[in-house]
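Observations on chain architecture
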Amino acid sequence: MAMTSSRPYMIRALYEWIVDNGCTPYILVDAQGQGVEVPQQHVNKDGQIVLNINPTAVKDLFIGLEQINFNARFGGIPTDLVIPCGSVLGIYARENGQGMVFEHEPNPEPPKPDSEPKKDAQKRPNLKVVK
């Protein structure tokens, strides 16, 4: 059975661990990945960008199963960022470098629709009122 990527769960867990330990969480992002929306003028020659996602540095941080969204200031200009989880190459603490680097993850293919419904899906629950 195919499982979803563990990357978003690891990012969220490491983010909480880094913040709980009083450190500053940074993420390394492949800025050339599909769906990545970051200020391109801050991308390095390798096509990557390092972003400070400390709660005091960003606004409206949301680490979801598909992507990370937040608002940050670049040169004093508020900017909305969108980073698909597959484009996060690593997350680490600025102060000591502890964290995790991720392997390249190919873009997931959308699930193929089943040609016939599953037997479990055809069964409906049968509820009775008990007095």
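Residues numbered from 1 in each chain as written. Predicted model: local features only at pLDDT ≥ 70, side-chain atom pairs only at ≥ 80, totals over all residues. Heavy atoms only, no water.

Under the annotation held in an unreviewed UniProt entry, the protein carries the name Stringent starvation protein B and is attributed to Marinimicrobium koreense.

1. What about the pattern of salt bridges?
It is possible for side chains bearing opposite charge to pair when their charged atoms get close. To keep it simple, the criterion reads: Salt bridge, as used here, is a side-chain nitrogen of Lys or Arg placed within 4 Å of a carboxyl oxygen of Asp or Glu. Three labels apply to residues, based on accessible area from a 1.4 Å probe with only protein chains included: buried if under 20% of the type maximum, exposed if over 50%, partly exposed otherwise in between.
Applying the stated rule across the entire model yields one salt bridge. Across the pair E95 and R94 runs a salt bridge whose closest N-O atoms are separated by 3.4 Å. We classify E95 as partly exposed; its relative accessible area is 40%.

2. With respect to the nonpolar core
We count it as follows: Here, nonpolar core refers to any group of buried Ala, Val, Leu, Ile, Met, Phe, Trp, Tyr and Cys residues whose side-chain atoms link them within 4.5 Å. Where helices and strands are cited, they refer to DSSP runs of H or I of at least four residues and of E of at least two residues respectively, numbered from the N terminus. In this analysis, two residues are considered to be in contact whenever any of their non-hydrogen atoms come within 4.5 Å of each other.
Among the nonpolar cores identified, the biggest contains 27 residues, and I27, V38, L51, I68, F70, I83 and I91 are the most heavily contacted of them. Elements supplying a minimum of two residues to this core: helix 1 (7–20), strand 1 (25–30), strand 2 (48–52), strand 3 (58–63), strand 4 (67–74), strand 5 (77–84) and strand 6 (88–93). I83 has contacts with I27, V29, V38, L51, Q67, I68, F70 and V88, leaving out every residue within four places of it along the chain.

3. Observations concerning the sheet that holds strand 5
Here is the rule: Pairing between two strands is assigned when DSSP locates at least 2 bridges connecting them. Angles here are taken between N-to-C directions and fall from 0 to 180 degrees, while the axes themselves are lines fitted to C-alpha atoms, restricted in helices to the stretch in contact.
Strand order in the open sheet formed by three strands is 3-4-5, with antiparallel pairing between adjacent strands. Each having just a single partner strand, strand 3 and strand 5 make up the two edges of the open sheet. Across the sheet, the axes of successive neighbouring strands diverge by a mean angle of 20 degrees, strand direction being ignored. Bridging between strand 4 and strand 5 involves eight bridges; their strand directions are antiparallel. By the bridge assignment for strand 5, Q67 is matched with P84. Strands in contact with helix 1 are strand 3 and strand 4; relative to strand 3, the strand with the most contacts, it is inclined by about 135 degrees.

4. Thoughts on the confidence of the model for the protein
To be explicit about the condition: pLDDT measures the predictor's confidence residue by residue and takes values from 0 up to 100.
Averaged over all residues, the pLDDT of the protein is 87; the fraction at 70 or higher stands at 81%. Long-range and interchain partners of residues 108–112, a stretch whose pLDDT sits below 50, account for zero contacts in this model, where long-range means more than four residues apart.

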